[in-house]
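Residue-level structure breakdown
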Protein chains: 2
Amino acid sequence: MPARISFTLRPVAVVRSSLKHRRDAPRQGREGAPDVWLDVAPQFAKALHGIAVGQELILITWLHHASRSTLKVHPRCDKKMPLTGVFATRSPDRPNPLGLHEVRVLEIAGTRLKVGPLEAIDGTPVVDIKPILCP
Amino acid sequence: MPARISFTLRPVAVVRSSLKHRRDAPRQGREGAPDVWLDVAPQFAKALHGIAVGQELILITWLHHASRSTLKVHPRCDKKMPLTGVFATRSPDRPNPLGLHEVRVLEIAGTRLKVGPLEAIDGTPVVDIKPILCP
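Rules of the game
Sequence positions are assigned chain by chain, starting from 1 and proceeding in written order. Note on labels: chains are lettered from A, ligands numbered from 1, in written order. In view of the model being predicted, local features appear only for residues whose pLDDT reaches at least 70, and side-chain atom pairs are presented and counted only at 80 or more, with totals across whole chains, interfaces and linings using the full set of residues. The side-chain values count all of the structure's non-hydrogen atoms but skip hydrogen atoms and water molecules. Helix and strand definitions follow DSSP, with helices as H or I runs of at least four residues and strands as E runs of at least two, each counted in order from the N terminus. The size measure is the radius of gyration over C-alpha atoms, and the globule rule it meets is 2.2 Å times the number of residues to the 0.38 power. Think of it in three bands: residues with accessible area under 20% of the maximum for their type are buried, residues over 50% are exposed, and the middle band is partly exposed, with areas taken using a 1.4 Å probe on protein chains only. Only heavy atoms matter for contacts: two residues are in contact if any of them lie within 4.5 Å across the pair. Under the convention used here, a 1.4 Å probe and the Shrake-Rupley method define accessible areas, while residue burial counts only the protein chains that appear. In this tally, Lys and Arg are treated as positive and Asp and Glu as negative; His is ignored, and so are the chain termini. Charged side chains are reduced to one point each, which is NZ for Lys, CZ for Arg, CG for Asp and CD for Glu. One speaks of a salt bridge when a side-chain nitrogen belonging to Lys or Arg is within 4 Å of a carboxyl oxygen belonging to Asp or Glu. Least-squares superposition aligns the copies on the C-alpha atoms of those residues with pLDDT at or above 70 in both. Polarity classes work like this: nonpolar for Ala, Val, Leu, Ile, Met, Phe, Trp, Tyr, Cys and Pro, charged for Asp, Glu, Lys and Arg, and polar for all others, with Gly in that last group. By definition, two strands form a pair when at least two bridges between them are found by DSSP. Each axis is a line fitted through C-alpha atoms, and for a helix only the stretch in contact is used; angles between axes span 0 to 180 degrees, taken between their N-to-C directions. Note on ring pairs: Phe, Tyr and Trp rings are taken, using the six-membered ring of Trp, and paired if centres are within 6.5 Å. Classes follow the plane angle, with under 30 degrees stacked, over 60 edge-to-face and the rest tilted. Ring-over charges, as used throughout, are those where CZ of Arg or NZ of Lys falls within 6 Å of the ring centre and within 35 degrees of the ring normal.

The next subject is the overall build of chain A. Broken down by element type, chain A carries zero helices and nine strands. Shown N-terminal to C-terminal, the secondary structure of chain A runs as helices and strands in the order β-β-β-β-β-β-β-β-β. Against the compact-globule benchmark of 14 Å for 135 residues, chain A has a radius of gyration of 16 Å, which places it among compact chains. A total of 135 residues make up chain A; the buried ones form 50% of that total. A separation of at least 24 residues holds for 74% of the contacts in chain A among residues at least 6 apart in sequence. In the form shown here, chain A has an accessible surface area of approximately 6,500 Å², with 53% of it arising from carbon and sulfur atoms. Put simply, chain A has 20 plus and 12 minus side-chain charges, and the middle of one group is 7 Å from the middle of the other.

This is the structure in structure tokens:
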């Protein structure tokens, strides 16, 4: 696996949220996060066909304020927790700062989707949208 | 959201699997996929600390054989299913071809992890590893 290989991600949507700063964001969506609007880029309108209100989706975001050089963290920023490899945690700080979020679709207006709850802050790029598979 | 924005993903590991071709791969891991080895790049060894045998992980892969220009597909390649937006399906063909896989850790040998079952084919780059959160 040569280290020089890389891949280019392009945002497909952006989060419009009342959460403006990372310090205000809960650690997970179910810990009191707000509902948000996703502005999907118009060129991806066709890719939304079939998404319905009430459906549960997985969003993959690019956590644009994260540190990519951090390899160990105290889980949940709690200094009493032992330093742990980032791949064993959900820390936003990781080599590829991808966020994974389960949300419900609340409203659809053209290429805008209201979803929630979501802990990602205003302006966070969304790089993929997937349905949750039934177990 | 200017269209020129992009982000650079770097592989953190690669899949070593007996599945060599996309045509041989089951659609989902639980549909008969094999166990595989993940070769994690040595520079990310510290990021693995805390991962244990028996744990369930989410892998995010880069599906390197996918088409990035496909916006609609017949789900599960079944022509009887109506054409559906890729964001409403788990098709590998999508603007950012990220794969999402739940696997169990079976063995750990240095920076190699045996995990399974995994439907991603041999040589698939892994771009993130995350623990599954308890509900």
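Right, let's get into the pattern of salt bridges. Two side chains carrying opposite charge are able to pair once their charged atoms lie near each other. Applying the stated rule across the entire model yields 14 salt bridges over all chains. Put simply, Asp 39 of chain B and Arg 16 of chain B hold a salt bridge, and the shortest N to O gap is 3.2 Å. Of the two residues, Asp 39 of chain B is situated in strand β3 (residues 36–40) and Arg 16 of chain B in strand β2 (residues 13–16); the sequence distance between them amounts to 23 residues. One salt bridge in this structure joins Arg 22 of chain B and Asp 93 of chain B, with 3.3 Å as the shortest N-O distance. Here Arg 22 of chain B, found in the loop between β2 and β3, pairs with Asp 93 of chain B, found in the loop between β6 (84–85) and β7 (98–109); they are 71 residues apart in sequence, far enough to count as distant. Residue Asp 93 of chain B is classed as buried on the basis of its relative accessible area, which comes to 15%. In the salt-bridge network here, residues are joined through shared partners; they are Arg 16, Asp 39 and Arg 112 of chain A.

Further remarks concern the relation of the copies chain B and chain A. Two chain copies here: they are related by a rotation about an axis and a translation along the same axis. Mapping chain B onto chain A leaves a residual RMSD of 0.0 Å; the transformation is a rotation of 180° accompanied by 0.0 Å of translation along its axis. The transformation just described matches what one would write down for a two-fold rotation axis. Closest approach to the rotation axis among the C-alpha atoms of chain B is made by Thr 8 of chain B, whose C-alpha sits 2.5 Å away. A share of 100% of the interface residues of chain B reappears at the interface of chain A, consistent with the copies meeting face to face through the same patch.

How big an interface is tends to be stated in terms of the accessible area lost upon association of its parts. If you look at the interface, chain B gives 52 residues, while chain A gives 52 residues. The interface formed by chain B and chain A holds two salt bridges in total. Asp 128 of chain B serves as the salt-bridge partner of Arg 94 of chain A, at 2.9 Å between the closest nitrogen and oxygen. When grouped by side-chain class, the residues that make up the side of chain B that touches chain A number 31 nonpolar, 11 polar and 10 charged. Here three bridges tie strand β1 (residues 7–9) of chain A to strand β1 (residues 7–9) of chain B, and the two strands are oriented antiparallel to one another. Paired with Thr 8 of chain A across the two strands is Thr 8 of chain B, which belongs to β1 of chain B.

Another point: the pairing of strand β4 (residues 56–62) of chain B. Residue and element names in this part refer to chain B. Counting buried positions along β4 gives six out of seven residues, so the element sits mostly inside the fold. As judged from the five bridges shared by β4 and strand β9 (residues 125–131), these two strands associate in the antiparallel manner. Bridging across to β9, Ile 58 finds its partner in Lys 130.

Right, let's talk about the sheet that holds strand β7 (residues 98–109) of chain A for a bit. All names here are of chain A. Spatially, the six strands close up into a barrel ordered β2-β3-β8-β7-β4-β9, and their pairing is antiparallel. Averaged over all adjacent pairs, the angle separating strand axes in this sheet is 45°, with direction ignored. The pairing of strand β4 (residues 56–62) with β7 spans seven bridges and is classified as antiparallel. Considered in β7, the bridge of Trp 62 is made with Leu 98.

Bringing the packing of aromatic side chains into the picture now. Tallied over the full model, the rule gives four aromatic pairs over all chains. One residue, Arg 112 of chain A, lies across the ring of Trp 37 of chain A, its end atom 4.6 Å from the ring centre.

Residues and elements named next belong to chain B. Two strands pair when backbone bridges link them, and β3 and strand β8 (residues 112–116) are joined in this way by four bridges, in the antiparallel orientation. Within β8, the position partnered with Asp 39 by the bridge is Arg 112. Here five bridges tie β7 to β8, and the two strands are oriented antiparallel to one another. Residue pairing across strands places Ala 109 opposite Arg 112, the latter belonging to β8. Where β7 folds back on β8, the antiparallel hairpin that results is connected by two residues, among which Gly 110 adopts a positive phi of roughly 65°.

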